[in-house]
Amino acid sequence: QEDVLAITPSLTKLLKSSSYVVHSYTAAILQRFVTMTPIGDKFRRQLSPEAVHSVLVQTFDPLLQIITSESYLHNLWPYNKYAMSALMDMLGFSPPKSIQPLLPQVMVGITTMVKRLTVEPNKCADTTFTHDLFETLAIVVRVQLSTAMAEGRSIPQPGEGGIDTAATGKLLAVVAELEAALFPFFQEILQSQLEDLMPYVFQVIAM
């Protein structure tokens, strides 16, 4: 774990390389570090959630920049699945509360990519990127909803049932924000019958 944390600054610099091979392989290495397990113990991660978050904080900006880069729209690799997988796993394995400050930026990046996919659905051929994109969106939605519930319950309210009312109000406010951000894209996907994306939309809505 200490070795991974020690080389993370160097890996962060490599993520900023203009070379597709360099920053893609760097993202793949990061994703491997986050998901690897000790020998003989496949149920435990090599890195602690706190260590994963430390790596995420250092690599977040360049990873998101790679994912949303428009340069991929004009060459053989329209989207970078390696960066997408790395970001998804780092968000998923970090302590949920710790990633809360990053979620607004993640949401902007994810909705940008979902919009591009609705405009150019033929680019959905890379199922790994599409899957991990929507899994990342699901992480954002899940963390925001659970955080809203927790914050609502922590608000002291006079009278019987007051705390539940606060929790419900907080939750409904977050749901309204998510609907405003996501439903325009979801509506386009469903109306256009984009079959490769429709299952992911139903998955997120069901949350």
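How each quantity is defined
The numbering scheme is per chain: residues are counted from 1 as the chain's sequence reads. The model is predicted, so local features are restricted to residues of pLDDT at least 70 and side-chain atom pairs to those at 80 or more, both for listing and for counting; the totals for chains, interfaces and linings are taken over all residues. Computation of side-chain values: all heavy atoms of the structure, hydrogens and water removed. A run of H or I in DSSP becomes a helix once it reaches four residues, and a run of E becomes a strand once it reaches two; helices and strands are each numbered from the N terminus. To sort residues, take the accessible area from a 1.4 Å probe on protein chains only and compare it with the maximum for the residue type: under 20% means buried, over 50% means exposed, and anything in between is partly exposed. Should any heavy atoms of two residues lie within 4.5 Å, those residues are counted as being in contact. Where accessible areas are quoted, they stem from the Shrake-Rupley method and a 1.4 Å probe; at the residue level, only the protein chains shown are allowed to cover. Lines fitted to C-alpha atoms define the axes here, with helix axes fitted over just the stretch in contact, and angles between the N-to-C directions of these axes take values from 0 to 180 degrees. Each angle receives one of four descriptions, namely roughly parallel if under 35 degrees, roughly antiparallel if over 145, roughly perpendicular if within 65 to 115, and oblique otherwise. By convention, the crossing between two helices is left-handed when the near helix turns anticlockwise from the far helix through less than a right angle, and right-handed when the turn is clockwise. Side-chain classes are defined by residue name, with Ala, Val, Leu, Ile, Met, Phe, Trp, Tyr, Cys and Pro counting as nonpolar, Asp, Glu, Lys and Arg as charged, and the others, Gly among them, as polar. Pairing of aromatic rings covers Phe, Tyr and Trp, the last counted by its six-membered ring, and requires centre-to-centre distances within 6.5 Å; plane angles under 30 degrees mean stacked, over 60 mean edge-to-face, and any other angle means tilted. In this scheme, a helix's expected span is set at 1.5 Å multiplied by one less than its residue total. Across the chain, bend at a residue is computed as the angle between axes fitted to the seven residues ending at that point and the seven starting from it. Think of it as the arc spanned by the lines of direction from the helix axis to the C-beta atoms. In protein, a polar contact requires one atom able to donate a hydrogen and another able to accept it; more generally it is a pair of N or O atoms within 3.5 Å, and residues adjacent in sequence count only if both atoms are side-chain atoms. Two joining distances apply to patches: 9 Å for like charges and 5 Å for nonpolar side chains (Val, Leu, Ile, Met, Phe, Trp, Tyr), and every residue must have over 30% relative accessible area and no salt bridge. Salt bridge criterion: a side-chain nitrogen from Lys or Arg within 4 Å of a carboxyl oxygen from Asp or Glu.

*Asks:* What am I meant to see in the overall build of the chain here?
*Replies:* Counting its secondary structure elements, the chain contains eight helices and zero strands. In the chain, which comprises 207 residues, the share counted as buried stands at 43%. Put simply, of all contacts in the chain between residues at least 6 apart along the chain, 70% involve residues at least 24 apart. For the chain, the exposed area adds up to about 11,100 Å²; of that, 58% sits on carbon and sulfur atoms.

*Asks:* What is the right way to look at the packing of helix H2 (residues 20-35) against helix H3 (residues 49-68) in this model?
*Replies:* Between two packed helices, the angle of one axis relative to the other and the distance separating the axes together describe the packing. At a closest axis distance of 12 Å, the pairing of H2 and H3 adopts a crossing angle of 150°. Here H2 lies roughly antiparallel to H3, going by the angle between them. Helix-helix and strand crossings are classified by hand; for H2 and H3 the assignment is left-handed. Counting all contacts with H2, which are made through His23, Ala27, Leu30 and Val34, the residues of H3 involved are Val52, Val55, Thr59, Leu63 and Ile66. Considering only residue class, the contact of H2 with H3 consists of seven nonpolar, two polar and no charged.

*Asks:* So what exactly am I meant to see when it comes to the packing of aromatic side chains here?
*Replies:* Between two aromatic rings, the relevant description is the distance of the centres plus the angle of the planes. Counted by the stated rule, this structure contains three aromatic pairs. Look at Phe134 and Tyr200: their rings are 5.0 Å apart centre to centre, the planes differ by 10°, and that puts the pair in the stacked class. Of this pair, Phe134 sits in helix H6 (residues 127-153) while Tyr200 is found in helix H8 (residues 198-205), placing the two residues 66 residues apart along the sequence. Relative accessible area serves as the criterion here: at 16%, Tyr200 is assigned to the buried category.

*Asks:* What's the story with the packing of H3 against helix H5 (residues 103-119) in this structure? I'm lost.
*Replies:* In contact at an axis separation of 10 Å, H3 and H5 are set at 15° when each is read in the N-to-C sense. Taken together, the axes of H3 and H5 lie roughly parallel to each other. Note on packing geometry: the crossing formed by H3 with H5 is left-handed. In contact with Phe60, Asp61, Leu64, Ile67 and Thr68 of H3, H5 contributes Gln105, Val106, Gly109, Met113 and Arg116.

*Asks:* Can you walk me through helix H1 (residues 2-15) in this structure?
*Replies:* In an α-helix there are 3.6 residues to a turn, and that puts residues three or four apart on one side. Taking 1.5 Å per residue as the helical rise, H1 with its 14 residues ought to reach 20 Å, and the 20 Å between its terminal C-alpha atoms agrees with that figure. Maximal helix bending in H1 amounts to about 45°, located at Thr8; proline Pro9 follows within four positions. Taken as a whole, H1 has its buried residues at Val4, Thr8, Leu11, Thr12 and Leu15. Contact partners of the buried residues in H1: H2 and H3.

*Asks:* Sorry, what's going on with H8 here?
*Replies:* Turning to H8, its buried residues are Met198, Tyr200, Val201 and Val204. The buried residues of H8 all sit within an arc of 160° when viewed along its axis, so they share a single face.

*Asks:* So what exactly am I meant to see when it comes to the environment of Ala181 here?
*Replies:* In this structure, Ala181 sits in helix H7 (residues 162-191). As a C-alpha pair, Ala181 and Val108 span 73 residues in sequence and 8.9 Å in three-dimensional space.

*Asks:* I keep staring at the side chain of Asn80 and nothing clicks. Help me out?
*Replies:* Looking at the element boundaries, Asn80 is found in the loop between H3 and helix H4 (81-93). At 2.9 Å, the side chain of Asn80 forms a polar contact with the backbone nitrogen of Ala83.

*Asks:* How should a nonpolar patch on the surface be read in this particular structure?
*Replies:* Among the surface-exposed residues, Phe183, Phe202 and Ile205 lie close enough to one another that they form a single nonpolar patch of about 290 Å² accessible area. Tracing the backbone shows Phe202 in helix H8.

Structural measurements only, silent on function.
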